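Chain residues, written in single-letter form:
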Amino acid sequence: MMWLRATPSSVPAGVVSLRVVNAGTLDHEVVVLPLPTGHAAGERLTGGDGRVDEAGSLGEASLSCGGGAGEGIAPGAMAWTTVTVPPGRYELVCNFPGHYTAGMYAELDVTR
Ligand SMILES: [Cu+2]
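In what follows, the accompanying structure is described. Everything numeric here is computed off the predicted structure, so don't read it as measured data. Here the residue numbering is sequential within each chain, running from 1 through the sequence in written order. Reporting in this predicted model follows two pLDDT cut-offs: at least 70 for local features of residues, and 80 or more for side-chain atom pairs to be given and counted; totals over whole chains, interfaces and linings ignore these cut-offs and use all residues. Side-chain metrics in this entry use all non-hydrogen atoms of the structure; hydrogen atoms and water are not considered.

### What about the overall build of the chain?
1) Next: Scanning the chain from terminus to terminus reveals 0 helices and 7 strands.
2) Next: By the compact-globule yardstick of 13 Å for 112 residues, the chain fits well, its C-alpha radius of gyration being 13 Å.
3) Next: Taken over the C-alpha atoms alone, the chain extends approximately 35 × 30 × 20 Å along its principal axes.
4) Next: Only protein chains enter the accessibility calculation, which uses a 1.4 Å probe. A residue is then buried if its area is under 20% of the maximum for its type, exposed if over 50%, and partly exposed in between. In the chain, buried positions account for 38% of the 112 residues.
5) Next: Only heavy atoms matter for contacts: two residues are in contact if any of them lie within 4.5 Å across the pair. Sequence-distant contacts in the chain: of pairs separated by 6 or more residues, those separated by 24 or more amount to 68%.
6) Next: Here the chain displays about 6100 Å² of accessible surface, and carbon together with sulfur accounts for 56% of that area. Strands here are runs of E lasting at least two residues and helices are runs of H or I lasting at least four, both read from the DSSP assignment and numbered beginning at the N terminus. Using C-alpha atoms as the atom set, the radius of gyration is obtained and then compared with a globule rule of 2.2 Å times the number of residues to the power 0.38. Per-residue and other accessible areas follow the Shrake-Rupley method at a 1.4 Å probe size, with only the shown protein chains counted as cover for residues.

Put into structure tokens, the structure is as follows:
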């Protein structure tokens, strides 16, 4: 059982800092992807490697106790990233193999 939650789930457009806490027992990450019109979070297709396409990514938090990209956030560790996001709908995903289909996604709405 895996999950990912965005609190708050709606933020104003502009510079947004994401602070990620890994409260689980496995390594995780958070990647920010645009959510295509007409699609809901959780609907992406995964490839044979159990991962979704990261094309269009605005950034990710995947470095234990650090900012930006890394090899994964260790259990109990925090990570962060700062992204500039225009208004729209986004999806936060963990793209470790199998984690997306296991439930690690959440919608983030960016308002004007
Ligand atoms: Cu994960």
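### Thoughts on the coordination of the copper ion
1) Next: Atoms are scored as donors when they are N, O or S and lie within 2.8 Å of the metal, with 3.2 Å used for Na, K and Ca; no water is included, so coordination may look incomplete. Taken together, the protein donors to the copper ion comprise His28 (ND1), Cys94 (SG), His99 (ND1) and Met104 (SD), at separations of 1.9 to 2.5 Å.
2) Next: Each of the 4 donor atoms bound to the copper ion contributes to angles spanning 86 to 134°, and the resulting shape is tetrahedral.
3) Next: Within one chain, the residues donating to the copper ion are spaced in sequence as H-x65-C-x4-H-x4-M.
4) Next: Its relative accessible area of 7% is what places His99 among the buried residues. Under this scheme a four-donor centre is tetrahedral when all angles range from 85 to 135 degrees, a four-donor centre is square planar and a six-donor centre octahedral when opposite donors are above 155 degrees with the rest from 65 to 115, and any other centre is irregular.

### Some remarks on the packing of aromatic side chains
In this description, a pair of aromatic rings is defined by centroid distance and the angle of the planes.
1) Next: Pairs were defined over the aromatic rings of Phe, Tyr and Trp, the Trp ring being its six-membered one, requiring ring centres within 6.5 Å. Orientation was assigned from the angle between planes: stacked under 30 degrees, edge-to-face over 60, tilted for the rest. In this structure the tally under the stated criterion is 1 aromatic pair.
2) Next: Where Tyr100 meets Tyr105, the ring centres are 5.2 Å apart and the plane angle is 45°; that geometry is what we call tilted.
3) Next: Residue class for Tyr100 comes out buried when judged on its relative accessible area of 1%.

### As for the environment of Pro12
1) Next: On the secondary structure map, Pro12 appears in strand S1 (residues 10–12).
2) Next: Sequence separation of Pro12 and Tyr90 is 78 residues, and the distance between their C-alpha atoms is 13 Å.
3) Next: Setting aside chain neighbours within four positions, we find Pro12 in contact with Val110 and Thr111.

### Overview of the layout of surface pockets
1) Next: Using a grid of 1 Å spacing that covers the protein atoms alone, one calls a set of points a cavity when a 1.4 Å probe fits there but cannot get out, and a pocket when the set is open and has protein on both sides within 12 Å along at least five of seven lines; lining residues are those with an atom within 4 Å of a point. Grid points are joined across faces, edges and corners, and a volume is the space filled by probe spheres set on the points. Roughly 740 Å³ of internal volume is contained in the largest pocket.
2) Next: Each residue belonging to the lining of the largest pocket can be placed in one class, and the counts come to 18 nonpolar, 6 polar and 3 charged. Classification convention: Asp, Glu, Lys, Arg as charged; Ala, Val, Leu, Ile, Met, Phe, Trp, Tyr, Cys, Pro as nonpolar; all other residues, Gly among them, as polar.

### What about the environment of Leu92?
1) Next: Locating Leu92 in the fold gives a position in strand S6 (residues 88–93).
2) Next: For the pair formed by Leu92 and Arg5, sequence separation is 87 residues and the distance between their alpha carbons is 8.6 Å.
3) Next: If sequence neighbours within four positions are ignored, Leu92 has contacts with Leu4, Ala6, Leu18, Val30, Val31, Val32, Met104, Tyr105, Ala106 and Leu108.

### Details of a nonpolar patch on the surface
1) Next: To count toward a patch, a residue needs a relative accessible area over 30% and no salt bridge; like charges are then connected within 9 Å, while nonpolar side chains (Val, Leu, Ile, Met, Phe, Trp, Tyr) are connected within 5 Å. Any Lys or Arg side-chain nitrogen located within 4 Å of an Asp or Glu carboxyl oxygen qualifies as a salt bridge. A cluster of nonpolar side chains, Val21, Met78 and Trp80, forms an exposed patch at the surface whose accessible area comes to about 270 Å².
2) Next: With respect to the helices and strands, Trp80 occurs in strand S5 (residues 78–85).
3) Next: In this structure Trp80 comes out as partly exposed when scored by relative accessible area, which is 40%.

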